[in-house]
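Residue strings, one per chain:
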Amino acid sequence: MSNLPEGISLVDLLALPEIWEAFYEYKSSLAAPRQFTQELRPFIERRGYLGVCERIRSGEGFPLPRKAVISKMSSQKKRIVYVYPYDENMVLKLLTFLLLRKYDGLFADGLYSFRPGRSAKDAIRKLIRTPRLGHLYSYKADIHNYFNSVPVERFLPLLKEALSDDPRLYAFLSGLLREPCVLENGKPVEEQKGIMAGIPLASFYANLYLSGLDRHFAEAGVPYARYSDDIILFAPSEEEARAHAEYIHAYLAEHGLEINPEKESFSGPEDGFSFLGFSCCGGTIDIAPATLKKLRQKMRRKRDALLRWQKRNGRSGEDAAKAFVRVFNRKLLENARDNDLTWSQWFFSVITTSASLHEIDVYAQDCLRVLLAGTHTKKRFRASYEDLKSLGYRNLVHEYYAYRGKEQENGGNSPDPYDTEQDSPFSSVVEQDPQFSSVAGYDS
């Protein structure tokens, strides 16, 4: 679908069966979860998009998005997301797919989020090839509540300029953005919702709104990368890194945004850097310490919850341990939804060491032994490693080297698990609401 018809609005392409078939073919070709394609096929067969497309063409009002407050993965914090009804959401998925391809030329090389042929993996690999990286200082920042904080009236002129060749599309999108109401508990309420984390279009909007910032650093020749709301850059001195940081603060303030101070950091050359859940130091790529800590916390919370469940319901330690295994096998290795990479897909193709995976394995095994014994005492060590395997436990180190072995068998040409519209595994909200199969903008 790289050669889109010229002189025709993307609004009109949404009603063409051949465009939907090409979309389905692309999604089916990915080494990625299959649930979305399983849902997409019957949607195409029943022509579920036609009614939506007719309402768009006629200018009929679009349904209000539903607001939901959900838990962030690996955290007890909450976030606000929005979702349109099923048929409308599917049409917006295709529209986003087309937008990201037609207008990709608007973006600078340092932007890696939601782009055709680019991924977080590419960002990390590009950064570690920066000349004299081991002698550079780094600055990392995270934009606070990016998606829902974007001032719509400041964003619309950028969108109008970007879509100057498609005024009908701009009219439709600006109408959605200007709509003041959302559905909360089934009732319309007015609120400032920005570019609406959770809707498919938010990925394109997030790329576009800060494209000027990306271009600034590209033109200045500064080693820089942005992935949605995460930013990192490098400089020869701490003074230069801080000067760049001041520019970013000023730019964001001018655009109605601010840095999350808890996720802002400066690092020296000897410290390496962390970005998008990865830690890079001395040429070695591993899982970032903060990411490792969050996963351990999630495992501990699940273990303790299962201990309470076990005692409250008179269940066996084996029942509790099996439940733990099911949860984390699915979370780390098996989760299967569109726009939700598994944890292992996110990390295995990038990391160059199994050190952190070993730490996770040791902690997971201890959690299982606690559940089997029903206690934290030395009694838990009676369970052998073979006992844990019999529960279905899968060792991450073994899985990692099996993955690497398959890569070598294929000459390093294994299918890339990164879909260009997929979020990181940190964006998973499936357990809270199965409709959220395309959530953008997770503040990870």
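Look a little higher up for the structure.
The rules behind these values
- Residues numbered from 1 in each chain as written.
- Predicted model: local features only at pLDDT ≥ 70, side-chain atom pairs only at ≥ 80, totals over all residues.
- Heavy atoms only, no water.
- Salt bridge = Lys/Arg side-chain N within 4 Å of Asp/Glu carboxyl O.
- Helix = DSSP H or I, 4+ residues; strand = E, 2+ residues; numbered from the N terminus.
- Buried < 20%, exposed > 50% of the residue type's maximum accessible area, 1.4 Å probe, protein only.
- Core = buried A, V, L, I, M, F, W, Y, C linked by side-chain atoms within 4.5 Å.
- Contact = heavy atoms within 4.5 Å.
- Pairing = 2+ DSSP bridges.
- Axes fitted to C-alpha atoms, helices over the stretch in contact; angles between N-to-C directions.

Examining the pattern of salt bridges
Oppositely charged side chains are able to pair whenever their charged atoms sit close together.
Here comes step 1: For the structure on display, the rule yields 19 salt bridges.
Here comes step 2: For Glu184, the salt bridge goes to Lys67, with nearest N and O atoms at 3.9 Å. Separated by 117 residues along the polypeptide, Glu184 in strand β4 (residues 181-184) and Lys67 in strand β1 (residues 66-71) bring together distant segments of the chain.
Here comes step 3: A salt bridge links Arg303 to Asp304, with the shortest nitrogen-to-oxygen separation between them at 3.0 Å.
Here comes step 4: One continuous salt-bridge network, built from bridges that share partners, spans Glu21, Arg41 and Glu45.

So, helix α10 (residues 202-209)
Here comes step 1: The buried fraction of α10 amounts to eight of the eight residues, a majority that puts the element mostly inside the structure.
Here comes step 2: The complete set of buried residues in α10 reads Ala202, Ser203, Phe204, Tyr205, Ala206, Asn207, Leu208 and Tyr209.

Things to note about unusual backbone geometry
Here comes step 1: The phi angle at Arg47 is positive, at roughly 55 degrees, despite the residue not being glycine.
Here comes step 2: Relative to the elements of secondary structure, Arg47 occurs in the loop between α3 (35-45) and α4 (49-58).
Here comes step 3: Located in the positive-phi region is Phe114, a residue other than glycine, with phi close to 55 degrees.
Here comes step 4: Its location among the elements puts Phe114 in the loop between α5 (86-102) and α6 (120-128).

A short note on the nonpolar core
Here comes step 1: In this structure, Leu95, Leu99, Leu159 and Leu173 are the most contacted members of the largest nonpolar core, which totals 78 residues.
Here comes step 2: The element contributing the most residues to this core is α5, with nine residues.
Here comes step 3: Filtering out sequence-adjacent residues up to four positions away, Leu99 remains in contact with Leu10, Asp104, Leu163, Leu169, Leu173, Leu201 and Phe204.
Here comes step 4: Counting residues in hydrophobic clusters, the runner-up holds 52 residues, among them Ile232, Phe275, Leu295 and Leu368.

Examining the sheet that holds strand β8 (residues 265-267)
Here comes step 1: Spatial strand order, β6-β7-β3-β8: four strands in an open sheet with antiparallel pairing. Every interior strand has two partners, whereas the edge strands, β6 (224-227) and β8, have only one. Between one strand axis and the next, the sheet turns through 10 degrees on average, direction left out of account.
Here comes step 2: Inspection of the sheet shows strand β3 (residues 137-142) paired to β8 by three bridges, in the antiparallel sense. Looking across to β8, one finds that Ser138 is bridged to Ser267.
Here comes step 3: Across the sheet, helix α11 (residues 211-220) touches β6 and β7 (230-235), and the angle it forms with β6 is around 165 degrees.

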